[in-house]
Amino acid sequence: VHTDLAIEQINTNEGSRIIDDIKVTDISLDKKAGEEIGKRPGRYITIEFPDITDYDNSEKIKTVFSEELVNLLKVIKVKDESTCLIIGLGNEKTTPDAVGPLTITKTIVTNHLYVYGQLEDGFRRVWALSPGVMGETGIETSDLIKSIVEAIKPDFVITVDALASSSIERVNKTIQMTDAGINPGSGVGNKRKEISKDTLGIPVIAIGVPTVVDAASIVSDTINYMYKNFAYTKENIN
């Protein structure tokens, strides 16, 4: 069963901690470990939460996510004044693949404001782009992003994309961030050229939310649920 989440392939609780009912797992893969599970070597941080529709939970998740992202930026030696290009990967016309483009609509772009002088503390130069998918543009997304990076010369890149999970329980309830980069389209088994430090020459942080589940996973989860329900019912009858 296909999954983009490193934690589902490693299946470990090592490096995990609980923050206000939110589970954070920090995994570092070397080259050998990455090859064993088909992942690029790097650091993979997974944030798991039970519910995001509740306002208080949503605020807690924002706080934890922000802190983990800031820590990851420090690890890859991104400075406060470093400039950033945010890329929203995916197809805005397809609901499960619209995470990236929707993120761009909520991003505060600041680069053009620096024409008028410096902004207050807490802001940096930010560009944002939703490049679409190859099926729409006919252009390899990685090549498009590389050409933009060469033109505007940001110090680092953040990509946001939809991911695939092996469990329906994780849909919209997990966030993965990594400094290993990403292959656009991998969530639906349509891997394009990677977007990473190796291809762009600058640090790349890939952030993803699982919105896609393989049909086999749904069937498997349903069977397991039915089995547990029948076993529970039989035990109560006895």
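Data block above holds the structure.
Residues numbered from 1 in each chain as written. Predicted model: local features only at pLDDT ≥ 70, side-chain atom pairs only at ≥ 80, totals over all residues. Heavy atoms only, no water.

Draft legend 1. Inspection of unusual backbone geometry at higher detail. Its identity is not glycine, yet Asp20 carries a phi of approximately 50°, on the positive side. Within the fold, Asp20 resides in the loop between strand 1 (16–19) and strand 2 (22–29). The residue Lys153 is not glycine, and still its phi comes out positive at about 55°. Residue placement: Lys153 occurs in the loop between helix 6 (141–152) and strand 6 (156–165). (Helix = DSSP H or I, 4+ residues; strand = E, 2+ residues; numbered from the N terminus.)

Draft legend 2. Spotlight on the environment of Ile148. Inspection of the secondary structure assignment puts Ile148 in helix 6. Separated by 142 residues in the primary sequence, Ile148 and Ala6 place their C-alpha atoms 29 Å from one another. Excluding its chain neighbours within four sequence positions, the residues that come into contact with Ile148 are Leu85, Leu129 and Lys153. (Contact = heavy atoms within 4.5 Å.)

Draft legend 3. Spotlight on the pairing of strand 7 (residues 174–178). Among the five residues that make up strand 7, five are buried, leaving the element largely enclosed by the rest of the structure. Along strand 7, one buried face is formed by Thr174, Gln176 and Thr178 and the opposite face, lined by Ile175 and Met177, is buried too. Pairing geometry for strand 3 (residues 42–48) and strand 7, over five bridges, is antiparallel. Looking across to strand 7, one finds that Glu48 is bridged to Thr174. Direction of pairing for strand 7 relative to strand 8 (residues 204–213): antiparallel, over a ladder of three bridges. Within the sheet, the bridge partner assigned to Gln176 lies in strand 8 and is Gly208. (Buried < 20%, exposed > 50% of the residue type's maximum accessible area, 1.4 Å probe, protein only. Pairing = 2+ DSSP bridges.)

Draft legend 4. Spotlight on the sheet that holds strand 4 (residues 84–88). One open sheet accounts for eight strands, arranged 1-2-3-7-8-6-4-5; its pairing is mixed. For this open sheet the edge positions go to strand 1 and strand 5 (126–129), each flanked by a neighbour on one side alone. On average, adjacent strands in this sheet sit at an angle of 20° to one another, irrespective of strand direction. The sheet contact formed by strand 2 and strand 3 spans seven bridges and is antiparallel. (Axes fitted to C-alpha atoms, helices over the stretch in contact; angles between N-to-C directions.)

Draft legend 5. Inspection of a nonpolar patch on the surface at higher detail. On the surface, a cluster of nonpolar side chains totalling about 380 Å² of accessible area is made up of Leu113, Val115 and Tyr116. Secondary-structure assignment places Leu113 in the loop between helix 4 (99–105) and strand 5. Owing to a relative accessible area of 33%, Leu113 belongs among the partly exposed residues under this scheme. (Patch = residues over 30% accessible without salt bridge, like charges linked within 9 Å, V, L, I, M, F, W, Y side chains within 5 Å. Areas by Shrake-Rupley, 256 points an atom, 1.4 Å probe, with all protein chains shown as cover. Salt bridge = Lys/Arg side-chain N within 4 Å of Asp/Glu carboxyl O.)

Draft legend 6. The arrangement of the pairing of strand 2 in detail. Inspection of the sheet shows strand 1 paired to strand 2 by four bridges, in the antiparallel sense. Residue Ser16 lies in a different strand from strand 2, and its bridge partner there is Thr25. Hairpin geometry of strand 1 and strand 2 is characterised by an intervening segment of two residues between the two adjacent antiparallel strands and by a positive phi of about 50° at Asp20.

Draft legend 7. Fine view of the environment of Glu14. Assignment of secondary structure puts Glu14 in the loop between helix 1 (6–10) and strand 1. Separated by eleven residues in the primary sequence, Glu14 and Thr25 place their C-alpha atoms 7.4 Å from one another. Sequence-distant contacts of Glu14, that is, excluding residues within four places in its chain, are made with Thr25 and Asp26.

Draft legend 8. Highlighting the pattern of salt bridges. Under the definition given, this model contains nine salt bridges. A salt bridge links Glu68 to Arg17; the nearest nitrogen and oxygen atoms lie 2.3 Å apart. You can see Glu68 sitting in helix 3 (residues 55–75) and its partner Arg17 sitting in strand 1, a full 51 residues away along the chain. The exposure class assigned to Glu68 is buried, which follows from its relative accessible area of 4%. Arg17 gets classed as partly exposed once you look at its relative accessible area, which sits at 33%. For Arg40, the salt bridge is made with Asp198, and the minimal N-O distance between the two is 2.9 Å. Of the two residues, Arg40 is situated in the loop between helix 2 (31–37) and strand 3 and Asp198 in helix 7 (residues 197–200); the sequence distance between them amounts to 158 residues. Judged by relative accessible area, Arg40 falls into the partly exposed class, the value being 25%. Salt bridges here are not isolated pairs; linked through shared partners, they connect Glu8, Glu48 and Arg170.

Bear in mind that shape data such as this cannot, by itself, settle questions of function.
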